Amino acid sequence: MKRRLRIHQALPAVVIALAISCTTVPVTERRQLTLLPDLQLVQLSVDNYGKVLHEAKLSQDQAKIDLVNRVGTRLAGATEEYLRAHGYSTQYYQWEFSVIDDDETINAWCMPGGKVAVYTGILPITQNEDGLAVVMAHEIAHAVARHGNERMTQTLLLELGEVALSKAMQDRPQRTQDIFRQSYGAASSLGVLLPYSRMHESEADRIGLTLMAMAGYDPRAAIPFWERMNKAGSGRVPQFLSTHPAPQSRIQNIQYYLPEAMAAYRPR
């Protein structure tokens, strides 16, 4: 009853927020509700990215580090180019790319502001630069589309009955930190992650294909990558699939989006 009352009390604020806090997702142009200020999310991103890297074992393999930085730098340039060309702000992007030495973890993620981590366990599946670009562009797309902001908004409203992130951080700072890391796929140490919806996954696939194409990577590489990923998930489900559901229809959707991405493809 208390939880129902709290949600009911929050409804007027939500109605107001709907009128002033709707944003548009790049590429798909879907309208979304994102109540949390970008500046505060970026501050959370910087703090949590540092914590994750402090807790993790970073790779010392220079070839892998160079590979991730090379692909990441090209994707970052294409991402900012697309955003500027379509009227989106890039002011909070300060890109960082890290390789976490963990061959058992098949995962990658991107926090707001371009804080990216790739686990060595996913590299045998990506196989090459085009395959890695599929993964990194997909994760960057989640951040660009503010999917984590949407999920945090929904979770904070349900759990705390508040719309102000500053209020949530003041009342329950640790829970807010946990929700942030869960929402952006970086909470493996907590053992709990919030899976993306099929809608978010489809958007990230579509946006990611366009970004990697603009960066000079062949978007057609997405099909064999997801085929390999599905095979990798036939036994023990990789973390990347547990947080990023990959139904068989995914490849069909990617095939549908490919003409749009190929129009933006600039081979290098």
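In case you missed it, the structure is sitting above this.
Novice: Kindly report on helix α12 (residues 249–263), identifying the contributing residues and their values.
Specialist: Bending of α12 peaks at approximately 40 degrees at the position of Tyr257, with proline Pro259 no more than four residues after it. Within α12, burial applies to Arg250, Ile251, Ile254, Tyr257, Leu258 and Ala261. Contacts made by the buried residues of α12 are with α5 (129–144), α9 (198–214) and α10 (222–232).

Novice: So what's going on with the nonpolar core? Residues and values would help.
Specialist: Core analysis: the biggest nonpolar cluster contains 53 residues, and Leu75, Val118 and Met136 have the highest contact counts within it. The leading source of residues in this core is α5, at 10 residues. Contact partners of Met136, with chain neighbours within four places excluded, come to Val68, Val71, Gly72, Leu75, Phe97, Val116 and Val118.

Novice: How would you summarise the environment of Ser197 if you had to cite specific residues and measurements?
Specialist: Looking at the secondary structure, you find Ser197 in the loop between α8 (173–183) and α9. Expressed as a C-alpha distance, the spacing of Ser197 and Arg151, which sit 46 residues apart in the sequence, is 9.5 Å.

Novice: Explain the side chain of Thr23 to me, and be specific about the residues and the numbers.
Specialist: Assignment of secondary structure puts Thr23 in strand β1 (residues 22–24). Beyond its immediate chain neighbours, meaning those up to four positions away, Thr23 contacts Arg30, Arg31, Gln32, Thr34 and Arg146.

Novice: Describe the packing of α10 against α12, with residues and values.
Specialist: Interaxial distance between α10 and α12 falls to 10 Å at its minimum, and their mutual angle equals 170 degrees. With respect to each other, α10 and α12 are oriented roughly antiparallel. Residue-level contacts link Ala222, Ile223, Trp226, Glu227 and Asn230 of α10 to Arg250, Ile251, Ile254, Gln255 and Leu258 of α12. Residue classes in the contact of α10 with α12 are distributed as 6 nonpolar, 2 polar and 2 charged.

Novice: Outline the sheet that holds strand β3 (residues 96–100), listing residues and values.
Specialist: In space, the 3 strands of this open sheet follow the order β3-β5-β4, with mixed pairing throughout. Taken across any chain shown, the strands that pair with only one partner, and hence form the sheet edges, are β3 and β4 (108–111). Shown here is a sheet whose adjacent strand axes are inclined to one another by a mean of 15 degrees, direction ignored. Along the sheet, helix α2 (residues 38–55) makes contact with β3, β4 and β5 (115–119), crossing β4 at roughly 150 degrees. The sheet contacts of helix α3 (residues 62–85) involve β3 and β5, and relative to β3 the element is tilted by about 150 degrees.

Basis of the calculations
Residues numbered from 1 in each chain as written. Predicted model: local features only at pLDDT ≥ 70, side-chain atom pairs only at ≥ 80, totals over all residues. Heavy atoms only, no water. Bend = angle between axes of the 7 residues up to and from the residue. Helix = DSSP H or I, 4+ residues; strand = E, 2+ residues; numbered from the N terminus. Buried < 20%, exposed > 50% of the residue type's maximum accessible area, 1.4 Å probe, protein only. Contact = heavy atoms within 4.5 Å. Core = buried A, V, L, I, M, F, W, Y, C linked by side-chain atoms within 4.5 Å. Axes fitted to C-alpha atoms, helices over the stretch in contact; angles between N-to-C directions. Parallel < 35°, antiparallel > 145°, perpendicular 65-115°, else oblique. Nonpolar A, V, L, I, M, F, W, Y, C, P; charged D, E, K, R; others polar. Pairing = 2+ DSSP bridges.

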